[in-house]
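A structural walkthrough
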Amino acid sequence: MREKVDIKENKKVGFPKSFIAILVVIAVWLIITLMKVVDPVFIPGPLNILDSILRMKDILPLATLRSLSMTLAGFGIGTLWGVLMGLLMAYSKTFMETAGPIFDFIRPVPIFAMIPLFLLWFGPNVGTQIAFIALGVSVVLGVTTYESIRNIPIVYVRAAFNLGASRMRVYRTVILPCIFPHLIGAIRVAAAASWGLNVAAEFMGAQVGLGYNMIIQQIYLNTGGIIVIVIIYSIMAIALDLTIRRIEAYVTRWTERAAMLHV
Amino acid sequence: MVSGLAKDDEKEIEITIKNLGFAYGLGRNKHEVFNNIDLLIYRNEFVCLVGPSGCGKSTLLRIIAGFVKPSYGKVMNKDAEIKDVSFTRAVVFQEDAVFPWMTVYANVEYGLRSRNVPEKIRRDKVIEHLKLVGLADYVNSFPRELSYGMRKRVDIARVLANDPEIILMDEPFGALDAFTKESLQVKLTEIWEKHRKTLLFVTHDLEEALFLGDRIALMKTDPDTPLTMYEVPFNRPRKVELKTDPIFQKMRNNIMEEFRAGDR
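The structure reproduced in this document is the subject of the present report. This one's a predicted model, so the numbers in the text were calculated from it and none came from an experiment.

This part takes up the environment of Ile 247 of chain A. Residue and element names in this part refer to chain A. Tracing the sequence through the fold places Ile 247 in helix 10 (residues 223–251). Owing to a relative accessible area of 49%, Ile 247 belongs among the partly exposed residues under this scheme. Taking the C-alpha atoms as reference points, Ile 247 and Ile 184, separated by 63 residues in sequence, lie 9.8 Å from one another.

Now for the pattern of salt bridges. For the coordinates displayed, the defined rule picks out 26 salt bridges over all chains. By sharing partners, the salt bridges in this structure join Glu 12, Glu 14, Arg 43, Lys 78 and Glu 165 of chain B into a single network.

Further remarks concern the packing of helix 7 (residues 154–162) of chain A against helix 8 (residues 167–203) of chain A. All names here are of chain A. Orientation of helix 7 relative to helix 8, taken along the N-to-C sense of each, is 150°, at an axis distance of 10 Å. Of the possible angle classes, the one that applies to helix 7 and helix 8 is roughly antiparallel. For the pair helix 7 and helix 8, the crossing hand works out as right-handed. Judged by residue contacts, Tyr 156, Val 157, Ala 160 and Phe 161 of helix 7 engage Arg 167, Val 170, Val 174 and Cys 178 from helix 8.

Our focus in this paragraph is the packing of aromatic side chains. In this description, an aromatic ring pair is defined by two values, namely the gap between the centres and the angle between the planes. Applying the stated criterion to the full structure yields 17 aromatic pairs over all chains. Their ring planes at 65° and their centres at 5.7 Å tell us that Trp 254 of chain A and Trp 101 of chain B sit as a pair that is edge-to-face. Of this pair, Trp 254 of chain A sits in the segment after helix 10 while Trp 101 of chain B sits in the loop between strand 6 (89–92) and helix 2 (104–114), which puts the two residues in different chains. Grouping residues by exposure puts Trp 254 of chain A and Trp 101 of chain B together as buried. In this arrangement the basic side chain of Arg 115 of chain B is found over the ring face of Phe 87 of chain B, its NZ or CZ atom lying 4.0 Å from the centre.

What counts, and where the lines are drawn
The written sequence of each chain sets the order in which its residues are numbered from 1. To read the labels, note that chains go from A and ligands from 1, taken in the order they are written. The predicted origin of the model limits local features to residues at a pLDDT of at least 70 and limits the giving and counting of side-chain atom pairs to 80 or more, whereas totals for whole chains, interfaces and linings rest on all residues. The basis for every side-chain value is the complete set of non-hydrogen atoms in the structure, without hydrogens or water. For the purposes of this entry, the term helix denotes a DSSP run of H or I that reaches at least four residues, the term strand denotes a run of E that reaches at least two, and both are numbered from the N terminus. With a 1.4 Å probe rolled over the protein chains alone, any residue whose accessible area is under 20% of its type maximum counts as buried; one over 50% counts as exposed, and the rest are partly exposed. Counted as salt bridges are all cases of a side-chain nitrogen of Lys or Arg within 4 Å of a carboxyl oxygen of Asp or Glu. The convention used is that axes are lines fitted to C-alpha atoms, helices contributing only their stretch in contact, and that angles between N-to-C directions extend from 0 to 180 degrees. Roughly parallel means an angle under 35 degrees; roughly antiparallel, over 145; roughly perpendicular, 65 to 115; everything else is oblique. Left-handed describes a crossing whose near helix is turned anticlockwise from the far helix by less than a right angle; the clockwise case is right-handed. Contacts were defined at the residue level, with two residues in contact if any of their heavy atoms lie within 4.5 Å. Note on ring pairs: Phe, Tyr and Trp rings are taken, using the six-membered ring of Trp, and paired if centres are within 6.5 Å. Classes follow the plane angle, with under 30 degrees stacked, over 60 edge-to-face and the rest tilted. Here, over-ring charges are defined by two tests on the NZ atom of lysine or the CZ atom of arginine: distance to the ring centre within 6 Å, and angle to the ring normal within 35 degrees.

Here you go:
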């Protein structure tokens, strides 16, 4: 009998390598600003940034919390809704034939072009903003779910039915786990996009939140304040992405795909 | 040499195929795969369906499994016409059908769980059948950690654990290397000799068919040629040495000869 073959290789990204690039960027920034090569209105220096943080320290925690919860709510609802629609399209021919054309019509519409209509129809409230993020996310995931289901190897589905599984069970135990590795890319793209959608949603007339405060900083030409908010957004976006990758690594531990990188 | 419908009155019939035809496409694009096929399969008999690639043997198996509807004619399982997929007619596919996202244990348990068999019985059956195929030590492994041949054994265990009445194997060893293939043939023979079931084995490998089967049904590329049946005279239990036996070789050559003569 053959020995157990372990194909999975754990390749960790070397920390020093990824740090070098960041350090270079910081160094260039320090040189440019401390030597006053450019006007601080365009690129503010470290003191300016520190000053902005101190001035905004009372509003930032609440604004961050507000933007974070709104984005997560929109992203979560949008993901579930999108996957559900994709699954329903694959499950029911009737659903696909009736609802499909509506989705085909909505999908190509630039989501940001919908902002005025959203404001007109639903008013500038939290619900509208969350719905806006959710719509943007669900469109991406609906299409990806449906397309991933079409690409599942037919033999798995046949084998499951042949072993006596009901249609519901085939969807739950074969189709969902089978499409997950394909969905994860779309989920990560949607997660990144949902921060952008959050900024746009807050431009729609929120009274708190990071996006709203960004406009205030812009009005007063406080570039340092804008950069601080951009950095907060970046940190949250990276944290969300890392969380998704953690979950992915556990859920897709059965796949072999890591082996195909850098060949 | 006897026709596919020559009936042996002492044996119980499991599957009756009568006047069965299959074609795909319509009008000028219509392609006939086979016409007027007749075949009887008895209970607990090992029948091998042999033929060149593209002759329609896998299609015939899929019709018996219930995945594909025939163009005309009927397939009867005892007295009931086969119209749908059923766990009583279990298929071992040529492709790797073991679910890679489930452990070996969960794979073998899948059919039993689908049929709501109680946990206690499930556990016993899974362990019993993993032992049978020699994989009891790999209960918690994921399929990617196993070799292709081992995964095929998981597939066979999964099918056997589900208590089917008929097993349909569609070139299960077709993608294996010669060594693994032979060891799996021996394993399958051992298992089948211990736990007899009605088994239809599709293959393009005549030697494999002679080693495994009680009877061989030869299918030709021409859609209008009926199946030719051969009785395989070798006693059981069969050992791997049988393959080098002169009678075995002679029989193989005779069938091959006949095949070449008819298949132009």
